[in-house]
Amino acid sequence: MTTTLTAPKEQSCTLLAPGHTACTGCGEALAAKLVLGAAGTNIIVTDATGCLEVFTTKFPQSSWEVPFIHSLFENSAAVASGVEVALKALGRQNEAKVIAQGGDGGTADIGLQALSGMLERGHDILYVCYDNEAYMNTGVQRSGLTPFDCMTTTSPCGEFSWGNKHNKKDMPSIAAAHGIPYVATASVAFPKDIENKVKKALSITGPKYMQIHSPCPLGWRSKPQLTIQVARLAVQTGLYPIFEIENGKVTKVRKVTTPKTPVEEYLKIQGRFAHLFKSPKGKEEIQKIQEIADRNIEKYGLA
Amino acid sequence: MRLDLGAIAKAGTSKANQTGSWRNYKPIFHQVKCIGCGLCKIYCPEGCVTMIEKKKYTVDYTYCKGCGICAEECSSSDIEMIVEEK
Ligand SMILES: Cc1ncc(C[n+]2csc(CCOP(=O)(O)OP(=O)(O)O)c2C)c(N)n1
Ligand code: SF4
Ligand code: SF4
Ligand code: SF4
Ligand SMILES: [Mg+2]
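Residues numbered from 1 in each chain as written. Chains lettered and ligands numbered in written order. Predicted model: local features only at pLDDT ≥ 70, side-chain atom pairs only at ≥ 80, totals over all residues. Heavy atoms only, no water.

1. Thoughts on the overall build of chain B
Here is step 1 of the chain: In terms of helices and strands, chain B carries two helices and four strands.
Here is step 2 of the chain: Listing every helix and strand of chain B by position from the N terminus yields β-α-β-β-α-β.
Here is step 3 of the chain: The C-alpha atoms of chain B give a radius of gyration of 16 Å, which is well past the 12 Å a tight globule of 86 residues would have.
Here is step 4 of the chain: When the backbone C-alpha atoms are referred to their principal axes, chain B occupies close to 60 × 30 × 20 Å.
Here is step 5 of the chain: Within chain B, counting contacts between residues at least 6 apart in sequence, those at least 24 apart form 67% of the total.
Here is step 6 of the chain: Approximately 5300 Å² of chain B is accessible, and the part contributed by carbon and sulfur atoms is 53%. (Helix = DSSP H or I, 4+ residues; strand = E, 2+ residues; numbered from the N terminus. Rg over C-alpha atoms; globule rule 2.2 N^0.38 Å. Contact = heavy atoms within 4.5 Å. Areas by Shrake-Rupley, 256 points an atom, 1.4 Å probe, with all protein chains shown as cover.)

2. Quick notes on the nonpolar core
Residue and element names in this part refer to chain A.
Here is step 1 of the chain: Val-198, Ile-212 and Tyr-266 are the most contacted members of the largest nonpolar core, which has 65 residues in total.
Here is step 2 of the chain: Sort the elements by how many residues they give to this core and helix H1 (residues 27-39) lands first, with nine residues.
Here is step 3 of the chain: With sequence-adjacent residues up to four places away left out, Val-198 is seen in contact with Val-35, Ala-38, Ala-39, Leu-126 and Met-210.
Here is step 4 of the chain: Ranked by size, the runner-up nonpolar core spans 29 residues in total, among them Ala-108, Met-118, Leu-119 and Phe-243. (Core = buried A, V, L, I, M, F, W, Y, C linked by side-chain atoms within 4.5 Å. Buried < 20%, exposed > 50% of the residue type's maximum accessible area, 1.4 Å probe, protein only.)

3. Concerning the site of ligand 1
Residue and element names in this part refer to chain A.
Here is step 1 of the chain: Around ligand 1 sit 17 residues, and of these Glu-28, Cys-51, Gly-105, Gly-106 and Ala-134 come closest.
Here is step 2 of the chain: Between Gly-106 and ligand 1, the recorded distance is 2.7 Å, taken from a backbone N or O atom to an oxygen atom.
Here is step 3 of the chain: Between ligand 1 and Met-136, the relevant distance is 3.0 Å, taken from an oxygen atom to a main-chain nitrogen or oxygen of the residue.
Here is step 4 of the chain: The dominant element in the shell around ligand 1, judged by the number of residues it contributes, is helix H4 (residues 104-109), at three residues. (Near = heavy atom within 4 Å. Polar contact = N/O pair within 3.5 Å; in protein donor to acceptor, adjacent residues only side chain to side chain.)

4. Section: the sheet that holds strand S2 (residues 68-70) of chain A
All names here are of chain A.
Here is step 1 of the chain: Sheet architecture is open: eight strands sit in the order S2-S1-S3-S4-S8-S7-S9-S10, paired in mixed fashion. Of all strands in the sheet, those with a lone pairing partner are S2 and strand S10 (249-253), marking the two edges. Direction aside, the axes of adjacent strands within the sheet are offset by 20 degrees on average.
Here is step 2 of the chain: Inspection of the sheet shows strand S7 (residues 182-187) paired to strand S9 (residues 243-246) by three bridges, in the antiparallel sense. (Pairing = 2+ DSSP bridges. Axes fitted to C-alpha atoms, helices over the stretch in contact; angles between N-to-C directions.)

5. Quick word on the coordination of the magnesium ion (ligand 5)
All names here are of chain A.
Here is step 1 of the chain: Bound to the magnesium ion (ligand 5) on the protein side are Asp-104 (OD), Asn-132 (OD1) and Ala-134 (O), at distances that span 2.0 to 2.1 Å.
Here is step 2 of the chain: Donor residues for the magnesium ion (ligand 5) sit on one chain with the sequence pattern D-x27-N-x1-A. One end of the pair, Asp-104, is in helix H4; the other, Ala-134, is in the loop between strand S4 (125-131) and strand S5 (157-158), and 30 residues separate them in sequence. The pair formed by Asp-104 and Ala-134 is uniform in burial state, with each residue classed as buried. (Donors = N, O, S within 2.8 Å, 3.2 Å for Na, K, Ca; no water.)

6. Points about the side chain of Gln-61 of chain A
Here is step 1 of the chain: Tracing the backbone shows Gln-61 of chain A in the loop between helix H2 (51-56) and S2.
Here is step 2 of the chain: On the accessibility criterion, Gln-61 of chain A (15% relative accessible area) is buried.
Here is step 3 of the chain: There is a polar contact of 2.9 Å between the side chain of Gln-61 of chain A and the side chain of Asn-17 of chain B.
Here is step 4 of the chain: Beyond its immediate sequence surroundings of up to four residues, Gln-61 of chain A is in contact with Thr-56 of chain A together with Ala-9, Thr-13, Ser-14, Ala-16 and Asn-17 of chain B.

7. Here we look at the interface of chain B and chain A
Note on interface size: it is often stated as the accessible area lost on association of the parts.
Here is step 1 of the chain: With 28 residues of chain B at the contact, the number on the chain A side is 36 residues.
Here is step 2 of the chain: Summed over both partners, the interface of chain B with chain A comes to about 2500 Å²; 54% of that surface belongs to carbon and sulfur atoms.
Here is step 3 of the chain: Here chain B and chain A share two salt bridges between them.
Here is step 4 of the chain: Between Arg-232 of chain A and Glu-73 of chain B there is a salt bridge, with its nearest N and O atoms 2.5 Å apart.
Here is step 5 of the chain: Between the two partners, chain B and chain A, sit 20 residue pairs in polar contact (both at pLDDT 80 or more).
Here is step 6 of the chain: Looking at the side of chain B that touches chain A, the elements that each hand over two or more residues are helix H1 (39-43) and helix H2 (69-73) of chain B.
Here is step 7 of the chain: Here the residues of the side of chain B that touches chain A are counted per class, giving 13 nonpolar, eight polar and seven charged. (Buried area = accessible area lost by both parts, 1.4 Å probe. Salt bridge = Lys/Arg side-chain N within 4 Å of Asp/Glu carboxyl O. Nonpolar A, V, L, I, M, F, W, Y, C, P; charged D, E, K, R; others polar.)

8. Observations regarding the packing of helix H3 (residues 76-89) of chain A against helix H5 (residues 112-121) of chain A
The angle between the axes and the distance between the axes are what describe a pair of packed helices.
Residue and element names in this part refer to chain A.
Here is step 1 of the chain: Two numbers describe how H3 lies on H5: the axes approach to 7 Å, and their chain directions differ by 35 degrees. Residues Ala-77, Ala-78 and Ser-81 of H3 form the contact with H5, whose own contacting residues are Ala-114, Leu-115, Met-118 and Arg-121.
Here is step 2 of the chain: Classifying every residue of the contact of H3 with H5 by side-chain character gives five nonpolar, one polar and one charged.

9. A word on the site of ligand 4
Here is step 1 of the chain: Around ligand 4 lies a shell formed by Cys-34, Ile-35, Gly-36, Cys-37, Gly-38, Cys-40, Tyr-57, Cys-74, Ser-75, Ser-76 and Ile-79 of chain B.
Here is step 2 of the chain: Class assignment of the residues belonging to the shell around ligand 4 gives a composition of seven nonpolar, four polar and no charged.

10. Regarding the pattern of salt bridges
All names here are of chain A.
Here is step 1 of the chain: Taken as a whole and judged by the stated rule, the model has 21 salt bridges over all chains.
Here is step 2 of the chain: Glu-133 is the partner of Lys-168 in a salt bridge, and the nearest nitrogen-oxygen pair spans 2.8 Å. Of this pair, Lys-168 sits in the loop between strand S6 (161-162) and helix H6 (171-176) while Glu-133 sits in the loop between S4 and S5, and the two are 35 residues apart along the sequence.
Here is step 3 of the chain: The exposure class of Lys-168 is partly exposed, given its relative accessible area of 24%.
Here is step 4 of the chain: The buried category is assigned to Glu-133, whose relative accessible area is 3%.
Here is step 5 of the chain: Here Lys-192 makes a salt bridge to Glu-195, at a shortest N to O gap of 3.5 Å.

11. Quick look at the packing of aromatic side chains
Residues and elements named next belong to chain A.
Here is step 1 of the chain: Enumeration over the complete set of coordinates arrives at five aromatic pairs over all chains.
Here is step 2 of the chain: The ring of Phe-190 carries the charged tip of Arg-254 above its face, separated from the ring centre by 3.8 Å.
Here is step 3 of the chain: Above the plane of the ring of Trp-220 lies Arg-272, whose end atom (NZ or CZ) is 3.8 Å from the centre. (Phe/Tyr/Trp six-rings, centres within 6.5 Å; stacked < 30°, edge-to-face > 60°. Lys NZ or Arg CZ within 6 Å of the ring centre and 35° of its normal.)

Right, here's the structure in full:
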């Protein structure tokens, strides 16, 4: 028996149906809505355990208007690999594109091995990492993509700590090092850019990696109405560089503002960095964060 | 007890959750200064803003959680957040 893989639903409504239970102002919900909107109905998506999966699939309900599979926290890329191979085996690879998804923890930490395998084997899949910079679904624990000096429940700030003492893992470079055709970063502040990049990625055969900066008002302790503003400032300061890497070469970047926007502008509207503003010594820490932004600007030519 | 290996949910069934009940603030789309940029619709995380005509957008209060992103990002300050009274 063959079933129709994708049945287009009411075209007017979004492919991520409302009624999902993401927090008010959730950047990850917005990012997923934008990815689906750009990808269209002829897709099969997988997702790792995490906020996106939990708030869209409160059993027995689902927000997904396209075929969706959730298995475990660590294996979204492996499940997607299986789907892609199955489509090929059935000779139906032209009927649907495969998109694998995961949070930053599910991608850069626990799912890294499955993702690396997917990239290495050359599956025709777009992998999307929704980067909210911590394990949000379980209560804001630090991940490999949590930024420097950020307060999380497992990197608390206090007398002996400024928060997360490690640097954000350079996941796009790790993906690119697999020699894949397309790597891109994006931000919910720039929806048209997300749309273009998803469409471009899906037009390329082979493994693609995309990482979308998605503010989390709960974990970042930012006001829900400022989700876009926070995301925009991350890009404008150079703290979240936006670029495309095609076949190993940086081909396109989004420039930062001139004159430079100081990182304070970004940090001060988020409670996760509030400790940096409470003592004079915090200034030195902010300077270290400014240097991270400056290095990004230099490395990717964002000025 | 029956143990199923997988669970299947029907597409789009989350619409049964009327998340509008979460709201503390309510966006009012004045539809006066609107220039039709569509940002309110694009940026809404709930996907509950719709276009009625070119310079007229509206919100489905059944799902709107009142985050205020639409009002914050509106190109012409044509959306106002008011305290919700229930
Ligand atoms: C093997 C395994 N370990 C731990 C968990 C618990 N767990 C579920 S979601 C999650 C955090 C997800 O973080 P991330 O991938 O960043 O997604 P987010 O919720 O932030 O969107 C954790 C630790 C799990 N489900 N499975
Ligand atoms: S915790 Fe953060 S990522 Fe998770 S649903 Fe809430 S706002 Fe979204
Ligand atoms: S307040 Fe938030 S949820 Fe409501 S319509 Fe505006 S953006 Fe959408
Ligand atoms: S954001 Fe404002 S100006 Fe733009 S379409 Fe919506 S209401 Fe109109
Ligand atoms: Mg996360």
